[in-house]
Amino acid sequence: MPVQKVNDSSDLDAKVPSHLQRTSITSLTMTSEPSHRCVKATVVHKGPVISCAQKDGIKMLRAEIKEEDPLQRTAEHTSINVIFFGTLAKDFSQSARQGDVVLLADFTIKKSPSFLRDKLHPCQLEMDGQDACVYVCPSAAPSHGPSSSEAKYTYVPLNDLKPKTVVNVYGVVTFFKQPFPSKGSDYCSTLKITDQSDVKVGCNIFSKKLEDHPVIFRVGDIIRLHRFKTDMFRDSMSLLNTFGWSTVTFDGTIDSPVVPRTSSKSFHFGESDIRTVEELRQWAANQSWISKDLTVSLSLVKPGMYFDLTCQLLAKAVMDSRCILLKVWDGTKCQHPLLKVAVASDALEGESTVAKDRMNLTANVLVYDNHLEVARDLKPGTFLQLYNLHALLQRAPDQQPDQPDHLSFHLHGGTSYGRGLRSLPVESPALQSLKSVLEKHVDLDEYDEVNDGTLLEIWYTPPEAVEADTGPSYTVLTCEHNTRRLTLARVKRSTPPLSCHVRARVKKYKPQQLYQCLKLFCSNCKTMEDVPDDSAVAKVFRESAKDNQACDEQWAATSSASSREPGRTISMHISRDMVGESSHMQLIFVEGTTLDEICVLSRDYKNLVPVRSVNGRMTLMDLTAPFLFSGDKRCYGCKQCSVNTFQNPVFTGVETWDEQAVAKALGVQLMQYRLLIQFELEDQTDTLEAVLWENAEKFFHVSAVDASGSQDLQDKIQTVMDTIQPPDSSLEERPLLDLCLSVYTVKDNDRNKVCYQITNTEIKEE
DNA sequence: GCTTAGGATTCG
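Below is a short write-up of the structure. Position labels on residues start from 1 in each chain and follow its written sequence. Key to labels: chains lettered from A, ligands numbered from 1, both in the order written. Residues qualify for local features only when their pLDDT is at least 70, as the model is predicted, and side-chain atom pairs are given and counted only at 80 or more; totals for whole chains, interfaces and linings, by contrast, use all residues. Values reported for side chains reflect all heavy atoms of the structure, with hydrogen atoms and water molecules removed beforehand.

1. Description of the overall build of chain A
Helix and strand assignments follow DSSP, with helices taken as H or I runs no shorter than four residues and strands as E runs no shorter than two, numbered in order from the N terminus. What chain A contains, in helices and strands, is 15 helices and 40 strands. When burial is assessed residue by residue, chain A has 48% of its 766 residues classed as buried. Surface accessibility of chain A: about 38200 Å² in total, with carbon and sulfur atoms responsible for 50%. Each residue is placed in one exposure class: buried if its accessible area under a 1.4 Å probe, protein chains only, is under 20% of its type's maximum, exposed if it is over 50%, and partly exposed if it falls in between. The Shrake-Rupley method, run with a 1.4 Å probe, gives the accessible areas here. Residue values count only the displayed protein chains as cover.

Set out below in structure tokens:
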């Protein structure tokens, strides 16, 4: 028998088998050796037995136990969660209750997954398997309340009530209204209760003080009434509070802690009360009216419905003297688009709901008239229960005729059907599932924090004079972003990363000498440099030609000729491996030429590699010069990343020699041609520097490598630029450009720098 | 002093 009952706490100690050692909960750590240890503590919470879907439906029960040793009163982590598995869960549920002292032996210690949330204990105990066992000592004393002796109260079943008597009763709440001002001097609570007799009794409670009224959260709550007067009204018994009255309420959830809710400073509460509450809970669970709980999640709300909502308040705003807007959520996504109620951000109290709005998670609740008294004092973050909320389809102000109507929520004036609202304490059992749903959205909060500024700008600020810039754009957007167009001023205020659209003109651009927009880029080390100009390259050739001793390589067949200059010999080398192959004329090594001469030669030969001689050995030139002339293309190698394997080049196994194949054979890291232009954009709100880089070839419809060898293509880029920004033009003369901008940060000397890059944009070609 | 309300949809 894994769960055993004992009569006395001292028996518990006697039960401890001699090989077990008592351990304090405070001292438990992940590295504690659990075997042959036991803990003794009081059950402060016992959850229901549940089936765990992730673990093949195994039965589980969570309990919280607390060490009561007075010596440890100041110590942290005196409470710990215990998970019981399988039959242990069932046995524990039946044998132990809140307030009992238990002794747990041969548990396993696991990391607590809820520690961040409940701050209880970094570990949890798991009771599973053959060895684990539990001894339970039922508590003799009442587990709650200041009462020192068991009260001598008698409770009259509801079917035994006689008129004009003062009684104490217990009942389950089947209907209730939050306290409302009566026409007299007091607030009035109206409720209806029932018990195992199934007789329903109406009850009115009058009190000037709101806090003296019973704290009822939902149908199914259990209420205890002391000193209420009975009377007949419309053929039914009714109850009215009378002198010396008190009420105590309890949550109706089976197996939830029996915690009395009352404002009374002293009240009797004992073991018999716990039993009565548990019996009523058990009985009510099987009654059909209890299932008429009207609490519905947002995901299940249908238009026209009246329902109760358990939710969290995100933000609120006073609309007028008779209406307050509550922005709430319950973590579920509504099936209908939710009405967005725009409120000036300075009128809104609470967090921004922008990210949640976008995911259709925020319900806008309009609270009217008599409910303002409660709504006014609510603080964002509070958990709420809204009663008899009305879901209404409504047309948004800017809505197109073909779009669906939006769902709005009204808490109408009046108290019919218990209409009203109240805050729920965080520990309320009704909130447990809500809180776990909300926790799944923590990412959303982070997203909110990162992007809030940006999104707020986009959604809540009216357009700033962008309307003036209407007319055709010289560019088209190729993206599918559905973002609203922003002014440059607003883009500058945004928080990266972000993609957005702007409409602007080009005030200036760099480089003004457009051939300088051609760059060499190493995809390996990300180095970017200018394409060397001809004078620098020519100088490398001249220096290399000074070594007049021709190369003599075993692997090469050589032919030489005298140049026009005395003493300079031009040599051409071909790999012997390639002689006789179809590719043998595809790759020729040239020595002793000037830049001009190799350019002439490149008209007749596909791939020319300029080389020089160092002590008779063939070597690549300084990589300032192209390592390959391929038709009109000049190919450059990266000075950092090239590994010169020229000593033993391998030329076999290549069918077609292109720049990649040559670079590979020579151990050269090929550099790519890229286009880079820096624009200064301008609109009516601001100016902004944006680069055209990754998207540049698409923007101009020009390939960078082709442009490197083609004056026509370079002229084409110049023509585009002259159209975008005609020389000596005024702002109005320049064409409008629709641009997609990417806003991002780069590390610059350990500091984050915000960059703007034009993406997804092309020029229009007529 | 010893009523008030005694359920039963707003109309924004």
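2. Let's talk about helix 10 (residues 534–545)
A helix is expected to reach a length of 1.5 Å times the quantity of its residues less one. Relative to the 16 Å expected for 12 residues at 1.5 Å per residue, helix 10 spans 16 Å between its end C-alpha atoms, a close match to the ideal helical length. Inspection of helix 10 places Val537, Ala538, Val540, Phe541, Ser544 and Ala545 among the buried residues, and these make up the whole buried set. Viewed end-on, helix 10 has its buried residues packed into an arc of 155°, placing them on one side of the element. Residues of helix 10 that are exposed and angled more than 90 degrees away from the buried face: Ser535 and Arg542. Residues of helix 10 that are buried in the fold lie against helix 11 (595–601), strand 31 (607–614) and strand 33 (628–630). Note that the arc is computed from the directions linking the helix axis to the C-beta atoms. Residues are treated as being in contact if the distance between any of their heavy atoms lies within 4.5 Å.

3. Describing the pattern of salt bridges
Opposite charge on two side chains makes pairing possible when the charged atoms of those side chains draw close. Note on definitions: salt bridges are taken to be side-chain nitrogens of Lys or Arg within 4 Å of carboxyl oxygens of Asp or Glu. Taken as a whole and judged by the stated rule, the model has 22 salt bridges. Its salt-bridge partner being arginine 261, residue aspartate 221 comes within 2.7 Å of it at the nearest N-O pair. In this pair, aspartate 221 is assigned in the loop between strand 13 (200–207) and strand 14 (222–233) and arginine 261 in the loop between strand 15 (236–250) and helix 4 (271–285), connecting sequence segments 40 residues apart. Linked by salt bridges that have partners in common, Arg97, Glu271 and Glu278 make up one network.

4. Here's the deal with the side chain of histidine 371
For histidine 371, the location among the structural elements is in the loop between strand 19 (363–368) and helix 6 (372–375). For histidine 371, a relative accessible area of 5% gives the class buried. A 3.5 Å cut-off defines polar contacts: any pair of N or O atoms within that distance qualifies, except that in protein one atom must be a possible hydrogen donor and the other a possible acceptor, and neighbouring residues in sequence count only when both atoms are side-chain atoms. Here glycine 414 takes part through its backbone oxygen, which lies 3.0 Å from a polar atom of the side chain of histidine 371. Residue contacts for histidine 371: discarding those within four places in its chain leaves Leu411, His412, Gly413, Gly414, Arg419, Gly420 and Leu421.

5. Regarding unusual backbone geometry
The linkage connecting lysine 510 with the following residue, proline 511, adopts the cis geometry, with an omega of 0°. Here asparagine 388, not a glycine, exhibits a phi torsion of approximately 60°, which is positive. For asparagine 388, the position within the fold is in strand 20 (residues 383–394). Using a relative accessible area of 7% as the deciding quantity, one classes asparagine 388 as buried. Non-glycine residue asparagine 615 carries a positive phi angle of around 50°.

6. Section: the protein's contact with DNA strand B
In the vicinity of DNA strand B, 27 residues are found, and the nearest of them are Arg322, Asp369, Asn388, Gly413 and Arg419. By convention in this text, a residue qualifies as near a molecule or strand provided that one of its non-hydrogen atoms is within 4 Å of it. Backbone sugar and phosphate groups make up 35% of those atoms of DNA strand B lying within 4 Å of the protein. Between DNA strand B and the protein, one listed contact pairs a base nitrogen with a side-chain N or O atom of aspartate 186 at 3.1 Å. One of the side-chain N or O atoms of arginine 322 is found 2.7 Å from a base nitrogen in DNA strand B. Contributing elements (two or more residues each) for the surface near DNA strand B: strand 12 (187–194), strand 13 and strand 20. Under this grouping Gly is polar, as are all residues other than the nonpolar Ala, Val, Leu, Ile, Met, Phe, Trp, Tyr, Cys and Pro and the charged Asp, Glu, Lys and Arg. Grouping the amino acids of the surface near DNA strand B by side-chain chemistry returns 8 nonpolar, 11 polar and 8 charged.

7. Points about the packing of aromatic side chains
We call Phe, Tyr and Trp rings a pair once their centres come within 6.5 Å, taking the six-membered ring for Trp, and we label the pair stacked below 30 degrees between planes, edge-to-face above 60, and tilted otherwise. Considering all chains together, one arrives at 12 aromatic pairs under this definition. Ring geometry for phenylalanine 228 and tryptophan 245: centres 6.2 Å apart, planes at 85°, overall edge-to-face. Taken together, the positions of phenylalanine 228 in strand 14 and tryptophan 245 in strand 15 put the pair 17 residues apart, joining distant regions of the chain. Of the residues examined, phenylalanine 228 reaches a relative accessible area of 0% and is grouped as buried. Take tryptophan 245: its relative accessible area is 21%, and that puts it in the partly exposed class. A cation over a ring is seen here: lysine 177 above phenylalanine 180, with NZ or CZ 5.4 Å from the ring centre. A ring is considered to have a charge above it if a Lys NZ or an Arg CZ atom is located within 6 Å of its centre and within 35 degrees of its normal.

8. Section: the nonpolar core
Formed by 58 residues in total, the largest nonpolar core has its most connected members in Val491, Ile677, Phe679, Leu681, Phe700, Met721 and Leu741. For this core, the leading source of residues is strand 25 (residues 498–510), giving 6 residues. Shared between two domains, this core takes at least three residues from each, and those domains are domain 4 (476–515 + 675–763) and domain 5 (531–668). Ignoring sequence-local partners within four residues, the contact set of phenylalanine 679 consists of Val506, Lys508, Tyr509, Leu688, Glu689, Ala690, Leu692, Met721 and Ile758. Buried Ala, Val, Leu, Ile, Met, Phe, Trp, Tyr and Cys residues that are joined via side-chain atoms within 4.5 Å together make up what is termed a nonpolar core. One finds Leu158, Ile193, Leu431 and Leu434 within the second-largest nonpolar core, a separate group that totals 27 residues. An automatic or database domain assignment supplies the residue ranges for each domain.

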